[in-house]
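The lines below spell out each chain.
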Amino acid sequence: MRVFITGASSGIGAALARHYAQAGATLGLAARRQRQLSELVAELPPGLCGGHACYALDVADAAALQAAASDFIARCGCPDIVIANAGVSVGTLADDAGDLPALRRVFEVNAIGMAQTLQPFIAAMKARGSGRLVGIASVAGIRGLPGAGAYSASKAATIAYLEALRGELRGSGVKVVTIAPGYIATPMTAANPYPMPFLLPADAAARRFARAIERGSSYTVIPWQMGVVAKLLRLLPNPLFDALFARAGRKPRGLDL
């Protein structure tokens, strides 16, 4: 098996890398932090094709992703699974012009970066007639959370984009998998100053993600308890939703992106 993962230097991405490497996969791992990627690869079982490939890049850089995809395909062939996992999160306020750069950055990574991750592999997967294109969304994309407009909107865009892509690839043999996690114990959630119900360790989350990917599930919320929460959120009338979430805990602003 050949698996390409972005955001692989920590959190869910690193947990997915460990899971697939233990299953014998050869990995293409992309993240901004070269040192952490190298340290991760050093602890993994060796892959084929000369070993696992590391790419120090930012998913907002389309040319860098194109080059990484071309290199991985040349070395190992078309991957069986591509996981667009890279993501950033920060609190934002709509009335503060100083938060607009953060809004732009969150969209560049979470939404545009996801599309730029998947695009270079689509033609090869279609030609082969198989593969999994996986986007990591979030329960936060179900409804707009006050104080997290950038993150919620970017993940809503992710969900809609993957849904559209699924329709485009129908009948091609290529599965599009949307995974919407709840709270996972990662460096991203470590900054949250509020309770996080149903919090999952990253390694446990990775195993559940992998099962959903293997099934080719079109849309999965993990853990399942957050799936119940997501359905309830969809059903809440706007006045009730607004009243419940107006004073909910908020992500800190000004975090490093």
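The following paragraphs examine the structure supplied in this document. The model shown is predicted, which means the values in this text are computed figures rather than measured ones. (Residues numbered from 1 in each chain as written. Predicted model: local features only at pLDDT ≥ 70, side-chain atom pairs only at ≥ 80, totals over all residues. Heavy atoms only, no water.)

1. Some points on a nonpolar patch on the surface
Now for step 1: Taken together, the side chains of Trp224, Val228, Leu232 and Leu235 make up a nonpolar region of the molecular surface, amounting to roughly 480 Å² of accessible area.
Now for step 2: The residue tryptophan 224 is located in helix H8 (residues 224-235) in this model.
Now for step 3: A residue is classified by how much of its surface remains accessible, and tryptophan 224, at 59% relative accessible area, is exposed. (Patch = residues over 30% accessible without salt bridge, like charges linked within 9 Å, V, L, I, M, F, W, Y side chains within 5 Å. Areas by Shrake-Rupley, 256 points an atom, 1.4 Å probe, with all protein chains shown as cover. Salt bridge = Lys/Arg side-chain N within 4 Å of Asp/Glu carboxyl O. Helix = DSSP H or I, 4+ residues; strand = E, 2+ residues; numbered from the N terminus. Buried < 20%, exposed > 50% of the residue type's maximum accessible area, 1.4 Å probe, protein only.)

2. Structural notes on helix H4 (residues 100-128)
Now for step 1: Taking 1.5 Å of rise per residue, the 29 residues of H4 would be expected to cover 42 Å, and the 42 Å separating its terminal C-alpha atoms lies within 8% of that figure.
Now for step 2: If you look at H4, its biggest bend is around 40 degrees, right at glycine 113.
Now for step 3: After H4 finishes, the residue glycine 129 shows a positive phi value of roughly 85 degrees. (Expected span 1.5 Å × (residues − 1). Bend = angle between axes of the 7 residues up to and from the residue.)

3. Describing the pairing of strand S5 (residues 131-136)
Now for step 1: With respect to burial, S5 is a largely interior element, 6 of its 6 residues being buried.
Now for step 2: Here S5 shows no split at all, with Gly131, Leu133 and Gly135 on one side and Arg132, Val134 and Ile136 on the other all buried.
Now for step 3: Pairing of strand S4 (residues 81-84) with S5, which is carried by 4 bridges, proceeds in the parallel orientation. What sits directly across from isoleucine 83, in S5, is valine 134.
Now for step 4: Each parallel crossover has a hand, and the one from S4 via H4 to S5 is right-handed.
Now for step 5: With 6 bridges joining them, S5 and strand S6 (residues 174-181) adopt parallel strand pairing. Bridging from a neighbouring strand, arginine 132 pairs with lysine 175 of S6.
Now for step 6: For the handedness criterion, the β-α-β arrangement of S5, helix H5 (residues 149-168) and S6 is classed as right-handed. (Pairing = 2+ DSSP bridges. Right-handed = clockwise from strand over helix to strand, strands pointing away.)

4. Let's talk about helix H7 (residues 202-215)
Now for step 1: Compared with the 20 Å implied by 1.5 Å per residue over 14 residues, the 20 Å span of H7 between its first and last C-alpha is a close match.
Now for step 2: Listed as buried for H7 are Ala202, Ala204, Ala205, Ala206, Phe209, Ala210, Ala212 and Ile213.
Now for step 3: Phi turns positive one or two residues past the end of H7, at glycine 216, with a value near 75 degrees.

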